Amino acid sequence: MAKAKKLNWFMRWFYQMASFPHFYRWAGRYAPWLGAVALLLIGWGTWGGLVSSPPDYQMGDGVRIMFVHVPSAWLSMMAYTLMAVAAGIGLIWRIKLAYAVAASCAPIGAAFTFLTLASGSLWGKPMWGTWWEWDARMTSELLLLFLFLGYMGLRNSFTERDQADRVSGMLAVVGVVNVPIIHFSVEWWNTLHQPASVTRLDQPAIDPSMLVPLLVMTLGFTCFFAWALLTRTQGEILLRARQARWVDEL
């Protein structure tokens, strides 16, 4: 009985959150807090990464690029996964809010993916002697950028919104197979890219003086992503529900 009540509560919450006006007000309540937390964490992480942490014994000050590169890479994969999950929910349950979330994820995820590639190139030139190498991790990350751009281009190629949501949603769901390829590419193939140093099962292969600001910066980037996603989703909701009475009453 208790399990059934919990399930019913979850379903009620799920369908309530799928309501445009409810989600719009909920996002407006929490987005500013996420933005403030993101600003504080990124400021703290920037100070820790650029000032308090020491240079690496091999890479010198070039190691500081990782305080932008690693969080950006994490967010690029998380953004695509969330976009694919939201698109899948839209395809299965035909929830319009899910399509709005997916559409809002795409430009943010593309920006983080581009930042990942750009910061990786800046690091690769002094460390590897080249701006770019067709390494498995780098190539699959570039493919992720093309998937984001393809999703946005496909959505914009249709004048009918429902059709655009469905077709681009299918591309997002199919393309999510690239996310585990990015993550495990350094283990499946011989690549220039170094293996995981933070998410190792035994212990992180990175000194705490660098690990702490890196984790703080990653959390700050994640909060920034959540703030940007909620804010963009609010705009997407207003665009989709511009004829609704509750929008006129805002």
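Residues numbered from 1 in each chain as written. Predicted model: local features only at pLDDT ≥ 70, side-chain atom pairs only at ≥ 80, totals over all residues. Heavy atoms only, no water.

Enquirer: Sorry if this is basic, but what is going on with the nonpolar core here?
Expert: Nonpolar side chains in soluble globular proteins generally cluster together in the buried interior. Among the nonpolar cores identified, the biggest contains 53 residues, and Y80, M83, F148 and F225 are the most heavily contacted of them. At the level of elements, helix 1 (2-17), helix 2 (20-52), helix 3 (66-93), helix 4 (96-128), helix 5 (136-156), helix 7 (178-188), helix 8 (208-240) and helix 9 (245-248) are the ones that each hand at least two residues to this core. Not counting chain neighbours up to four residues away, the residues in contact with M83 comprise A102, C105, A106, F148, Y151 and A172. (Core = buried A, V, L, I, M, F, W, Y, C linked by side-chain atoms within 4.5 Å. Buried < 20%, exposed > 50% of the residue type's maximum accessible area, 1.4 Å probe, protein only. Helix = DSSP H or I, 4+ residues; strand = E, 2+ residues; numbered from the N terminus. Contact = heavy atoms within 4.5 Å.)

Enquirer: Honestly, the packing of helix 5 against helix 6 (residues 161-175) in this entry has me stumped. Any pointers?
Expert: When two helices pack together, their arrangement is given by the angle between their axes and by how far apart the axes lie. Following both chains from N to C, one finds helix 5 and helix 6 inclined at 165°, their axes separated by 8 Å at the closest point. Our classification of the angle between helix 5 and helix 6 gives roughly antiparallel. The element helix 5 and its partner helix 6 pack so that their crossing is right-handed. Contacts from L147, G150, Y151, L154 and R155 in helix 5 reach R161, A164, D165, V167, S168, G169, L171, A172 and G175 in helix 6. Classifying every residue of the contact of helix 5 with helix 6 gives seven nonpolar, four polar and three charged. (Axes fitted to C-alpha atoms, helices over the stretch in contact; angles between N-to-C directions. Parallel < 35°, antiparallel > 145°, perpendicular 65-115°, else oblique. Left-handed = near helix turned anticlockwise from the far one by under 90°. Nonpolar A, V, L, I, M, F, W, Y, C, P; charged D, E, K, R; others polar.)

Enquirer: I keep staring at the pattern of salt bridges and nothing clicks. Help me out?
Expert: Side-chain pairs of opposite charge can arise whenever the charged atoms involved come near each other. Tallying each qualifying case throughout the model produces six salt bridges. Close ionic contact of R240 with E236 constitutes a salt bridge, the shortest N to O distance being 2.9 Å. Of this pair, R240 and E236 are both found in helix 8, four residues apart, which corresponds to roughly one turn of the helix. A single salt-bridge network, built from bridges that share partners, covers R155, R161, D165, E236 and R240. (Salt bridge = Lys/Arg side-chain N within 4 Å of Asp/Glu carboxyl O.)

Enquirer: Before we go on, may I ask you to explain the environment of V216 in this structure?
Expert: Residue position: V216 is located in helix 8. Put simply, V216 and P71 are 145 residues apart on the chain and 9.6 Å apart in space, counted from C-alpha to C-alpha. Setting aside its immediate chain neighbours within four residues, V216 contacts L41, W44 and G45.

Enquirer: How should helix 2 be read in this particular structure?
Expert: Three or four residues apart is the spacing at which side chains of an α-helix point the same way, because the helix has 3.6 residues per turn. In this model helix 2 runs 45 Å from its N-terminal to its C-terminal C-alpha over 33 residues, within 8% of the 48 Å that 1.5 Å per residue would give. Along helix 2, the sharpest change in direction is near 30° and occurs at Y30; proline P32 comes one to four residues later. Within the sequence span of helix 2, burial applies to F20, F23, Y24, A27, A31, G35, A38, L41, G45, G48 and G49. (Expected span 1.5 Å × (residues − 1). Bend = angle between axes of the 7 residues up to and from the residue.)

Enquirer: Sorry, what's going on with the packing of aromatic side chains here?
Expert: For any pair of aromatic rings, geometry is given as the distance between the ring centres together with the angle between the planes. Taken as a whole and judged by the stated rule, the model has nine aromatic pairs. With a centroid separation of 6.4 Å and an interplanar angle of 80°, the aromatic rings of F112 and F224 are classed as edge-to-face. Residue F112 is found in helix 4, and its partner F224 is found in helix 8; the two are separated by 112 residues along the sequence. Here F224 falls in the partly exposed class, since its relative accessible area comes to 34%. Ring pairs connect the aromatic residues F112, F221, F224 and W227, which therefore count as one cluster. (Phe/Tyr/Trp six-rings, centres within 6.5 Å; stacked < 30°, edge-to-face > 60°.)

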